[in-house]
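Single-letter residue listing:
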Amino acid sequence: MSYETWVVIAAILAVVFLLFIIIRLRLQEFIALVVTSILFGLVIGTDPNELMKLIVAEMGDSLGQLALVISFGAIFGTVLQRAGAAERIALTLVEGYSDRVVSWGLGLAGFLVATSVYIDVAIVVLVPMLYGVAQRTGKSLLHYGIPLCAGLSCAYTFMPPAPGPLATAGIMNADIGLVIVFGIICGIPAVTVAGPLFGRFIAKKIMVVPPAMAVASIGGGSASSDDADGDAPGRARSPDSLPSFASVVGALLMPLVLILIGTVGRVIGGDSNIVAFLTFIGHPVMALLITCLFSMWAFGIKRGASAADLQRLASDALGPAGMIVLITGAGGVFGGVLISSGLGDTLSNAMQDASVPLVVFGFLVSAVMRISQGSGLVAMITGATFSSPLAETLAVSDATVALTCIAIACGGAGFSHVNDSGFWMANRYFGMSVADTLKSWTVMKSLVGLTGFTMVLILSIFVP
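What you see is a predicted model; the values in this text were computed from it and never measured. (Residues numbered from 1 in each chain as written. Predicted model: local features only at pLDDT ≥ 70, side-chain atom pairs only at ≥ 80, totals over all residues. Heavy atoms only, no water.)

### Digging into the overall build of the protein
This is how it is decided: Put simply, DSSP H or I for four residues or longer makes a helix, DSSP E for two residues or longer makes a strand, and each gets a number counted from the N terminus. Each radius of gyration reported is based on C-alpha atoms, and the globular scaling rule is 2.2 Å times the count of residues to the power 0.38. Residue contacts follow a heavy-atom distance rule, with two residues in contact if any of their heavy atoms lie within 4.5 Å. Exposure was quantified through the Shrake-Rupley algorithm and a 1.4 Å probe, taking into account, for residues, occlusion by the shown protein chains and nothing else. His is not counted here, nor are the chain ends, while Lys and Arg score as positive and Asp and Glu score as negative. Charged side chains are reduced to one point each, which is NZ for Lys, CZ for Arg, CG for Asp and CD for Glu.
If you tally the helices and strands in the protein, you get 21 helices and 0 strands. A compact globule built from 464 residues should have a C-alpha radius of gyration of about 23 Å, and the protein, at 22 Å, falls within 12% of that. When its C-alpha atoms are laid out on the principal axes, the protein stretches across 70 × 55 × 40 Å. Considering only residue pairs separated by 6 or more positions, the protein has 81% of its internal contacts joining residues 24 or more positions apart. Here the protein has roughly 18400 Å² of accessible surface; of this, 66% comes from carbon and sulfur atoms. Charged side chains of the protein number 21 positive and 25 negative; the gap between the two group centres comes to 15 Å.

So, in structure tokens, the structure goes:
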């Protein structure tokens, strides 16, 4: 057996082993990725001491920029969440649209919110706000909930600065500005098909009434939660206490606009002071730092928060962010070990012989991981880990790398079922049976992934 053949077999076994220790042994994903990286390196014959040096080096390289961006983004999202930004967007759009088009407004609301607020928090905060609307109109809760969740799902998996696409872009060394552009282009059709269109269809098939106790607890109003803490997600708030719609939308768009400005600066090129300024403020780290500081002032200090309040809030935000950073770093380690093994050359030759595009490869790896173990983040990190050496070997363009990031995100977004925590959150907050959750939530998530991937395939025809 040749070395190249053994590397491919070992890589397949490594993925199987990774799935086994995550699913069956329930080992934490960060530890699982590091253990798998070490075992893979050893079985392909890497010197143990050199392997440890490689792992340490790759961990550092993976987290240089990404740790800062994810951390600033987490603080930004937590500030907005505590200020009631999600509630303000949902209330404004629901009240501002007629019932005929309210589902489109909810899809937009979900898309705006999930770029910076964790999707599980967004579901806890926003879905209960729909109970009163569904009760007043007598329509199935799915008529409103599916568009909202489709918007949340698309932005959370397609659009930096959400953690998944940020991690994918970091491992792939992609231009985040291009990832944002392609995320918008692919995300809009995905929200449309999986949100308002599918929501209207499934609402006629499955009648879901708001949970009676939840409606009673909010008095038919705008928010609900099991949490009694005044700062907990989903607590009832007076509309007058919420920030303005314009300020919330401006804050949500700020990092995207700044990063796109940086991309424009890099496209213009040259040594002028203007180009240097554009690329400086548009660097992902600067863009998120500026946005983070602005949000702490606009939604914290300006609204009466003390320095101690902001310090506590930032500390709360960095807990979950730290875990995402570590998992992403471990994914980078796995990718570094794969690259050092020469797997990229072997797979690229096989893909060229079989005429498999890079975007298809990334989507398939991510989708298989998503279906197998449930976590969209782990699926995207694994997809990026295997696609990164291929992108390097094939020397594809920056645009193709960014488009591959979206293809990987599509695989990680779709196919949610009983091994995904999001499936059970939808099951609980919509008050549905498991069968109805499969028919609604799982189909919606699959439509997000498949519609987005269809757009990727169309764009790949025109992307060099």
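There's plenty left to go through after this.
### Details of the pattern of salt bridges
The cut-off we apply is this: Any Lys or Arg side-chain nitrogen located within 4 Å of an Asp or Glu carboxyl oxygen qualifies as a salt bridge.
The full count for this structure, using the stated rule, is 5 salt bridges. A salt bridge links arginine 266 to aspartate 175, with the shortest nitrogen-to-oxygen separation between them at 3.3 Å. Taken together, the residues span a long stretch of sequence, with arginine 266 in helix 12 (residues 245-268) and aspartate 175 in the loop between helix 9 (163-172) and helix 10 (176-205) at a distance of 91 residues. The partner of arginine 312 in a salt bridge is aspartate 309, with the nearest N and O atoms 2.9 Å apart. With a gap of 3 residues between them, arginine 312 and aspartate 309 both fall in helix 15 (residues 307-340), about one helical turn apart.

### Quick word on the side chain of arginine 370
Note the threshold: Each residue gets one of three labels from its accessible area relative to the maximum for its type: buried under 20%, exposed over 50%, partly exposed in between, using a 1.4 Å probe on protein chains only. In protein, a polar contact means a hydrogen-donor-capable atom and an acceptor-capable atom, both N or O and within 3.5 Å, with residues adjacent in sequence counting only if both atoms are side-chain atoms; elsewhere, any N or O pair within 3.5 Å suffices.
Tracing the sequence through the fold places arginine 370 in helix 17 (residues 358-373). Taking relative accessible area as the criterion, arginine 370 reaches 3% and is therefore assigned buried. Here glycine 412 takes part through its backbone oxygen, which lies 3.0 Å from a polar atom of the side chain of arginine 370. Polar side-chain contacts of arginine 370 include one of 2.8 Å to the backbone oxygen of glycine 414.

### Structural notes on the packing of helix 9 against helix 19 (residues 398-413)
Spelled out, the test is: Note on geometry: axes are lines fitted to C-alpha atoms, helical ones only across the stretch in contact, with angles between N-to-C directions running from 0 to 180 degrees. Here roughly perpendicular refers to angles of 65 to 115 degrees, roughly parallel to angles under 35, roughly antiparallel to angles over 145, and oblique to all remaining angles. Two helices cross in a left-handed way if the nearer one is turned anticlockwise from the farther one by less than a right angle. They cross in a right-handed way if the turn is clockwise. Residues are grouped as follows: Ala, Val, Leu, Ile, Met, Phe, Trp, Tyr, Cys and Pro are nonpolar; Asp, Glu, Lys and Arg are charged; all remaining types, including Gly, are polar.
Packing of helix 9 against helix 19 leaves a shortest axis separation of 10 Å and a crossing angle of 140 degrees. On the basis of the axis angle, helix 9 is oblique to helix 19. The handedness of the crossing between helix 9 and helix 19 comes out as right-handed. Touching Thr168, Ala169 and Met172 of helix 9 are Val401, Thr404, Cys405 and Ile408, all from helix 19. In terms of residue class, the contact of helix 9 with helix 19 is built from 5 nonpolar, 2 polar and no charged.

### Quick notes on the packing of helix 12 against helix 14 (residues 284-298)
Each pair of packed helices can be described by the angle between their axes along with the distance between the axes. For the pair helix 12 and helix 14, interaxial distance at closest approach is 9 Å and the crossing angle is 160 degrees. The angle between the axes of helix 12 and helix 14 places the two elements in the roughly antiparallel class. By crossing handedness, the relation of helix 12 to helix 14 is classed as right-handed. Across from Ala251, Met254, Pro255, Leu258 and Ile259 in helix 12, the residues of helix 14 making contact are Pro284, Ala287, Leu288, Ile290, Thr291 and Phe294. Looking at side-chain class alone, the contact of helix 12 with helix 14 contains 10 nonpolar, 1 polar and no charged residues.

### Some thoughts on the side chain of serine 387
Along the chain, serine 387 falls in helix 18 (residues 376-394). The class for serine 387 is buried, based on a relative accessible area of 0%. There is a polar contact of 2.8 Å between the side chain of serine 387 and the backbone oxygen of glycine 383. Sequence-distant contacts of serine 387, that is, excluding residues within four places in its chain, are made with Met172, Leu358, Phe361, Gly362, Thr404 and Ile408.

### A few points about a nonpolar patch on the surface
We apply this condition: Patches in this entry comprise residues that are over 30% relatively accessible and not in a salt bridge; like charges within 9 Å are linked, as are nonpolar side chains (Val, Leu, Ile, Met, Phe, Trp, Tyr) within 5 Å.
A cluster of nonpolar side chains, Ile31, Val35, Leu39, Leu42 and Val43, forms an exposed patch at the surface whose accessible area comes to about 370 Å². Along the polypeptide, valine 43 turns up in helix 2 (residues 29-43). Valine 43 sits in the partly exposed class, given a relative accessible area of 45%.

### Some details on helix 5 (residues 102-113)
Condition: One less than the number of residues in a helix, times 1.5 Å, gives the span that helix is expected to have.
Taking 1.5 Å per residue as the helical rise, helix 5 with its 12 residues ought to reach 16 Å, and the 16 Å between its terminal C-alpha atoms agrees with that figure. Among the residues making up helix 5, those that are buried are Val102, Ser103, Gly105, Leu106, Gly107, Ala109, Gly110, Phe111, Leu112 and Val113.

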